[in-house]
Amino acid sequence: MPAMSHRPFRKGAGHQARAPRPSHGAGTPSPSRRPVVSLPRALSKLGFCSRTEATVLIEAGRVSVNGRIARVATLRVDPDRDRITVDGGAIAAEAKIYLMLNKPRGFVTTRRDPHERETVYDCLPPGLPFLSPVGRLDKASEGLLLLTNDNGWADYLLDPASGVPKTYHVKIDRIADDDFIGALTQPVEDGGERLSAAAVRLLRTGNRSSWVEVVLTEGRNRQVRRMVAAQGADVLRLVRVGIGSVKLGDLGKGQTRPLTDAEKTGI
C-alpha cells in the first residue's frame, strides 16, 4: 500500500452514536451470500476503475471474462471466481484501503468533471487504486469524506438501516433561538420527502449568524440545506465533522490520512 502522504490544499469545522456492526465483520459480506454483480461493478469492486470507465472498456472490447471478450455491460459475473482481464492482463482484488479526506469547499465529489472543476480526486496521494467516495458532499460543502475500495463496507455505512450518524456543523444567516432549534428538530416535508434530524443543538452565536450541530442517520440529497431553508434561513457554511465514531479532528483542508483499524471496525 502506497504511503499516505498529505497533499497540500492549493486554494485556500455532541452527538455520538455507535452503529451496529455486521455480524460477519465490517464490510466483509459472507462468502455464502456473495451475489454476482454486473461486470462494470465487478471492475469497480476489484479497485480497477469506476463503473462508468468500465463500461467504456467493455464496449471497446477490451475486457474478457474466462477467456471470452465481453461486449455487454449487463453481463453478470462473480468477482471471486470468474477470471476477468483487461487488455489481456488479469485483474485481481486490490488490498483494501480506507481513507479519510477533509474535502475543501468548491471541490466536487466525482472522478472527472465535464466542467473541469477541481474534484476530490485532485487531493488524493498518487499511486492509489480506484477509490469510491462513501456518500457525497456537494460542491459548497466541506469536511469529512471517506473513500474506499471496499464496497461491502461502503454499502453498510450508506444503508439507512445501519443507523450510522453523520454529524454536521452548520453556519446559518440568523440568530438561532430556542424556537428555531426546536423547529429544526421537527421533521419537515419537502419535495415529497420527509426530512428529519436525529439531534440538533446550538453551538454558538455571533452578531448576525449562528453555528448549529445537526446529526443525521439518513442521507437525502442536500438534506441539511433543505431543512434549514424550511425554517426560512440560509446555510452560509456546512462542514461534516463526523461519521459514526470517525471524527474530522485537525486534519487540514485537502489533506488525507488512512483510517486506523479501530476506526474501520468501530464506526
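Placed above this text is the structure.
Note that the structure is predicted; figures quoted are calculated from it, not measured.

Participant: Would you mind going over the nonpolar core with me for this structure?
Facilitator: Here is a general trend for soluble globular proteins: nonpolar side chains tend to be buried in one another's company. With 21 residues, the main nonpolar core has Val170, Leu184, Val212, Val214 and Val224 as its most contacted residues. Of all the secondary-structure elements, those providing two or more residues to this core are β10 (166–172), α4 (178–185), β14 (210–216), α5 (223–229) and β15 (235–243). In this structure, Leu184 is in contact with Val200, Val212, Val214, Met227, Val228 and Gln231, ignoring residues within four places of it in sequence. By size, the runner-up hydrophobic cluster in this structure holds 19 residues, among which are Tyr98, Val134, Val241 and Val246.

Participant: Sorry, what's going on with helix α3 (residues 151–158) here?
Facilitator: Think of an α-helix as turning once every 3.6 residues; residues three or four places apart then point the same way. Judged by how many residues are buried, α3 sits mostly within the fold: six of eight residues are covered. What α3 keeps buried is the set Asn151, Gly152, Trp153, Ala154, Tyr156 and Leu157. Looking at the buried residues of α3, the elements they touch are α1 (39–45), β7 (98–103), β9 (142–148), β10 and α6 (261–266). Of the residues flanking the start of α3, the one acting as N-cap is Asp150, its side-chain oxygen 3.3 Å from the backbone nitrogen of Gly152.

Participant: Would you mind going over the environment of Ala176 with me for this structure?
Facilitator: Following the sequence through the fold, Ala176 ends up in the loop between β10 and α4. A sequence separation of 34 residues divides Ala176 from Ser210, and the C-alpha atoms of the two residues are 5.9 Å apart. For Ala176, the residues in contact, after removing those within four places along its chain, are Ile181, Leu202, Thr205, Ser210 and Val212.

Participant: Is there a simple way to think about unusual backbone geometry in this case?
Facilitator: Excluding glycine, residues mostly carry a negative phi; peptide bonds, for their part, are mostly trans. You will see that Asp87, though not glycine, has its phi angle at about 55°, which is positive. Within the secondary structure, Asp87 is located in the loop between β5 (84–86) and β6 (89–90). Under the relative-accessibility criterion, Asp87 is labelled exposed at 52%. Even without glycine at this site, Glu116 takes up a positive phi of about 60°.

Participant: Just to check I follow, could you spell out the side chain of Lys166 for this structure?
Facilitator: Looking at the element boundaries, Lys166 is found in strand β10. Of the side chains bearing the opposite charge, Asp159 lies closest to the buried Lys166, which forms no salt bridge; the N-O distance is 9.0 Å. Only 3.1 Å separates the side chain of Lys166 from the backbone oxygen of Val164, close enough to count as a polar contact.

Participant: What exactly am I supposed to notice about the pairing of β7 here?
Facilitator: The two faces of a sheet get side chains in turn, since along a regular strand they alternate between them. In terms of burial, β7 is a largely internal element, six of the six residues being buried. Neither face of β7 is exposed, since Tyr98, Met100 and Asn102 on one face and Leu99, Leu101 and Lys103 on the opposite face are all buried.

Participant: Would you explain the sheet that holds strand β3 (residues 68–69) in this entry?
Facilitator: Two modes of strand pairing occur in sheets, parallel and antiparallel, and in both the strands are linked by backbone hydrogen bonds. Read from one edge of the open sheet, four strands run β3-β2-β5-β6, paired in antiparallel fashion. Looking at which strands have only one partner, the edges of the open sheet turn out to be β3 and β6. Pairing of β5 with β6 involves two bridges; the strand directions are antiparallel. Note on β6: the bridge partner recorded for Thr85 is Ala90.

Rules used throughout
- Residues numbered from 1 in each chain as written.
- Predicted model: local features only at pLDDT ≥ 70, side-chain atom pairs only at ≥ 80, totals over all residues.
- Heavy atoms only, no water.
- Core = buried A, V, L, I, M, F, W, Y, C linked by side-chain atoms within 4.5 Å.
- Buried < 20%, exposed > 50% of the residue type's maximum accessible area, 1.4 Å probe, protein only.
- Helix = DSSP H or I, 4+ residues; strand = E, 2+ residues; numbered from the N terminus.
- Contact = heavy atoms within 4.5 Å.
- Polar contact = N/O pair within 3.5 Å; in protein donor to acceptor, adjacent residues only side chain to side chain.
- Lys, Arg positive; Asp, Glu negative; His and termini not counted.
- Salt bridge = Lys/Arg side-chain N within 4 Å of Asp/Glu carboxyl O.
- Pairing = 2+ DSSP bridges.

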